[in-house]
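Observations on the three-dimensional arrangement
Given next are the chains, with one letter for each unit.
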Amino acid sequence: MKKNPYLIHILMILAFTLFLYGCNKKKAEEVDTENAEENARSTITLSEDALKIAGIKTDIVQLRTVSQRIKVVGEISFNQRKFVNITSRVSGRVEEVFAFPGDKVKEGQLLLSIYSPDFLSAQAEFIQAEERLKRVMKNNDEEERQNAKSLLDSARNKLILLNIREEELIELEKTHSIKFLLPIRAPFNGSIIESNVVTGDYIDTGTSLFKIADISTLWVNVNIYEKDLSSIKQGCKTLIRVSAFPNEEFKGKLTLLSDVVDKNTRTVKGRVEVMNKSGKLKPGMYAEVNLIFPSESKSLLIPEIAVQDLEGKKVVFLQSGNNSFSVKEIETGLKLDSFIEIVNGLKTGDIIATEGSFILKSELLKKTLERGSVDHFKDKQFFPQRSEGAWGRGFPMSGGCSAKRLRGACPHRESVMSQESNEG
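Residues numbered from 1 in each chain as written. Predicted model: local features only at pLDDT ≥ 70, side-chain atom pairs only at ≥ 80, totals over all residues. Heavy atoms only, no water.

The subject of this paragraph is the environment of lysine 253. Locating lysine 253 in the fold gives a position in strand β14 (residues 245-261). With near-sequence residues (within four places) excluded, lysine 253 lies in contact with Gly235, Cys236, Thr238, Arg271, Val272 and Glu273. (Helix = DSSP H or I, 4+ residues; strand = E, 2+ residues; numbered from the N terminus. Contact = heavy atoms within 4.5 Å.)

Laid out in structure tokens, this is it:
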């Protein structure tokens with residue numbers, strides 16, 4: 001029987017096609033298996049009890065109002081409302097100094113004592129006025145009583161002007177015991193910025209004794225350009241940075257916006273008040289100030305605590321099941337307060353871990369080490385890079401084991417042969 005060459009040719013083409021299909025199918029199964037392994041490696045599953053112990057909390061990714069910023073520069077200065085120059089209200093001699101420049105002082109703390117004849121005579125006058133009032137109270141002369149009360153009030157006010165406290169006046173009224181030294185005390189908690197006296201100095205009324213400042217709140221004097229005035233309003237929030245602490249932001253508030261534009265610089269002076277309980281900010285520092293004002297635009301924002309660093313990449317943990325979280329690489333934008341903008345990687349409605357995300361990161365690293373996949377972790381970083389193969393599926397660039405078996409027909413033949421020759 002004569003063979004039909006066309007039929008043989010068709011059968012050969014069909015066999016070759018089936019052969020290649022089998023190769024591709026085998027390869028696709030291997031890729032799917034590898035993808036499943038990758039997903040398993042990048043997924044953390046915890047029990048209900050473990051989730052509660054770890055304190056894992058979630059949040060829904062959503063659009064939030066984005067606040068705009070205007071960056072200005074400024075200089076930190078003392079809060080003038082909490083800065084005082086203590087001057088002597090009497091003339092006399094400095095008997096003893098108890099505090100010195102740089103010292104931290106408390107309200108009412110004794111700073112120095114002064115021997116002053118003026119202080120002695122003021123106390124004597126108060127005692128005499130108080131005794132006179134007691135005498136005239138026994139009389140029926142109302143006018144004399146009023147005069148005695150006026151003299152006592154005048155003597156009392158004179159001592160109050162010398163910063164004598166109420167309890168000291170009561171003691172003086174009861175005991176009639178005159179104190180020889182006038183105490184000078186701190187008016188509030190703060191630091192001694194400057195002191196111009198030492199023990200033994202003779203001083204006059206008005207002599208500067210101490211300069212004290214409370215630096216728990218400071219001012220930042222800024223210059224705002226005229227073109228930005230339409231966006232800025234007094235009372236807006238601010239974020240302050242200084243070169244000494246480049247990774248920290250200090251929150252403040254714009255408390256003053258001047259009414260006058262500087263004709264030379266075309267700027268308006270502003271004053272920002274900032275809390276400084278840590279004491280890191282110092283008067284005289286230069287500062288970068290971001291003036292924050294609301295905008296009508298919205299952006300994808302998530303809590304900053306949800307973002308973790310994993311091998312140089314920004315990632316979050318996306319909820320993939322009731323108790324499961326998968327690592328997800330993201331691209332971030334601006335940071336504002338406790339939120340951070342998402343440029344790429346998430347969409348509205350995604351559920352991510354917020355509080356406790358660091359524990360999920362730790363569990364992921366622990367899981368990787370337990371599998372003995374340290375090299376895999378370093379190379380792929382949980383984000384495998386794939387390219388499109390000739391058959392429309394994601395194939396690794398180097399070919400696979402099925403290609404080795406089909407050396408003559410598989411499209412990855414050249415790379416496999418090169419790999420085998422290198423191995424040999």
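Spatial ordering of the open sheet is given by β8-β7-β5-β10, a layout of 4 strands whose pairing is antiparallel. Two strands lie at the open edges of the sheet, namely β8 (181-185) and β10 (202-203), each paired on one side alone. (Pairing = 2+ DSSP bridges.)

Turning next to the nonpolar core. A general trend in soluble globular proteins is that nonpolar side chains are found buried together. By size, the foremost hydrophobic cluster in this structure holds 33 residues, and its most contacted members are Leu111, Leu159 and Phe210. Considering each element in turn, this core owes the most residues, 7 residues, to helix α3 (residues 117-136). Ile76, Ala213, Ile215 and Leu257 belong to the second-largest nonpolar core, a separate cluster that totals 25 residues. (Core = buried A, V, L, I, M, F, W, Y, C linked by side-chain atoms within 4.5 Å. Buried < 20%, exposed > 50% of the residue type's maximum accessible area, 1.4 Å probe, protein only.)

All right, on to the pairing of strand β7 (residues 110-115) then. As paired elements, strand β5 (residues 92-97) and β7 share 4 bridges and run antiparallel to each other. Across the sheet, glutamate 96 pairs through a bridge with serine 113, a residue of β7. Here β7 pairs with β8 via 5 bridges, running antiparallel. Its bridge partner lying in β8, serine 113 is registered against proline 183.

Take helix α5 (residues 166-175) next. What α5 keeps buried is the set Glu168, Leu169 and Leu172. Taken down its axis, α5 places every buried residue within 100° of arc, on the same side. At its buried positions, α5 is contacted by α3, α4 (142-161) and β8. Trailing α5 by a residue or two, histidine 176 shows a phi angle of about 55°, which is positive. (Arc of directions from axis to C-beta.)

What follows covers the sheet that holds strand β6 (residues 104-105). As summarised here, the arrangement of the 4 strands in space is β4-β11-β9-β6, forming an open sheet in which the pairing is antiparallel. At either margin of the open sheet sits one strand with a lone partner, and together these are β4 (83-87) and β6. Sheet topology places β6 next to strand β9 (residues 190-195); 2 bridges connect them, and they run antiparallel. What sits directly across from lysine 104, in β9, is serine 191.

Inspection of the secondary structure puts serine 121 in helix α3. Exposure remark for serine 121: the relative accessible area of 42% places this residue in the partly exposed category. For serine 121 and isoleucine 178, which are 57 residues apart along the polypeptide, the C-alpha to C-alpha distance reads 9.5 Å.

This model, assessed by the stated rule, comprises 1 aromatic pair. Ring geometry for phenylalanine 78 and phenylalanine 83: centres 5.0 Å apart, planes at 45°, overall tilted. Of the residues examined, phenylalanine 83 reaches a relative accessible area of 24% and is grouped as partly exposed. Taking NZ or CZ as reference, arginine 271 lies 4.0 Å from the ring centre of tryptophan 219, over its face. Just above the ring of phenylalanine 245 sits the side chain of lysine 280; from NZ or CZ to the centre is 5.3 Å. (Phe/Tyr/Trp six-rings, centres within 6.5 Å; stacked < 30°, edge-to-face > 60°. Lys NZ or Arg CZ within 6 Å of the ring centre and 35° of its normal.)

Moving on: the side chain of aspartate 214. Considering the arrangement of structural elements, one finds aspartate 214 in the loop between β11 (208-213) and β12 (217-225). For aspartate 214, the side chain forms a polar contact with the side chain of serine 216, separated by 2.8 Å. With residues up to four places along the chain from it excluded, the contact list for aspartate 214 reads Lys82, Phe188, Asn189 and Gly190. (Polar contact = N/O pair within 3.5 Å; in protein donor to acceptor, adjacent residues only side chain to side chain.)

Looking now at the packing of α3 against α5. Two elements in contact, α3 and α5, have axes whose closest approach is 10 Å; the angle formed by their N-to-C orientations is 60°. Taken together, α3 and α5 sit at an angle that is classed as oblique. Taken as a pair, α3 and α5 cross one another with a handedness that is right-handed. Between α3, through Gln123, Phe126, Ile127 and Glu130, and α5, the contact on the second element is made entirely by Leu169, Leu172 and Glu173. Its residues assigned to classes, the contact of α3 with α5 comprises 4 nonpolar, 1 polar and 2 charged. (Axes fitted to C-alpha atoms, helices over the stretch in contact; angles between N-to-C directions. Parallel < 35°, antiparallel > 145°, perpendicular 65-115°, else oblique. Left-handed = near helix turned anticlockwise from the far one by under 90°. Nonpolar A, V, L, I, M, F, W, Y, C, P; charged D, E, K, R; others polar.)

Below, the discussion takes up unusual backbone geometry. Positive phi is not limited to glycine here, since asparagine 163 has a value of about 70°. Of note, asparagine 163 is situated in the loop between α4 and α5. Looking at asparagine 163, the relative accessible area reads 44%, which means it is partly exposed.

A separate point is the pattern of salt bridges. Where charged atoms of side chains with opposite charge meet at close range, the side chains can pair. Within the structure shown, the criterion is met by 21 salt bridges. Residue aspartate 309 is joined to lysine 314 by a salt bridge in which the shortest nitrogen-to-oxygen separation is 2.9 Å. For aspartate 309, a relative accessible area of 41% corresponds to the partly exposed category. Where salt bridges share partners, they join Arg156, Glu166 and Glu173 into one cluster. (Salt bridge = Lys/Arg side-chain N within 4 Å of Asp/Glu carboxyl O.)

Turning our attention to the packing of α3 against α4. Running from N to C, α3 and α4 point in directions that differ by 155°, and their axes come no closer than 8 Å. By the angle between their axes, α3 is roughly antiparallel relative to α4. α3 and α4 meet at a crossing whose hand is left-handed. Taking contact as the criterion, the partners of Phe119, Ala122, Gln123, Glu125, Phe126, Ala129, Glu130, Arg132, Leu133 and Val136 in α3 are, on α4, Glu144, Arg145, Ala148, Lys149, Leu151, Leu152, Ala155, Arg156, Lys158 and Leu159. Residues of the contact of α3 with α4, tallied by class, amount to 11 nonpolar, 1 polar and 8 charged.

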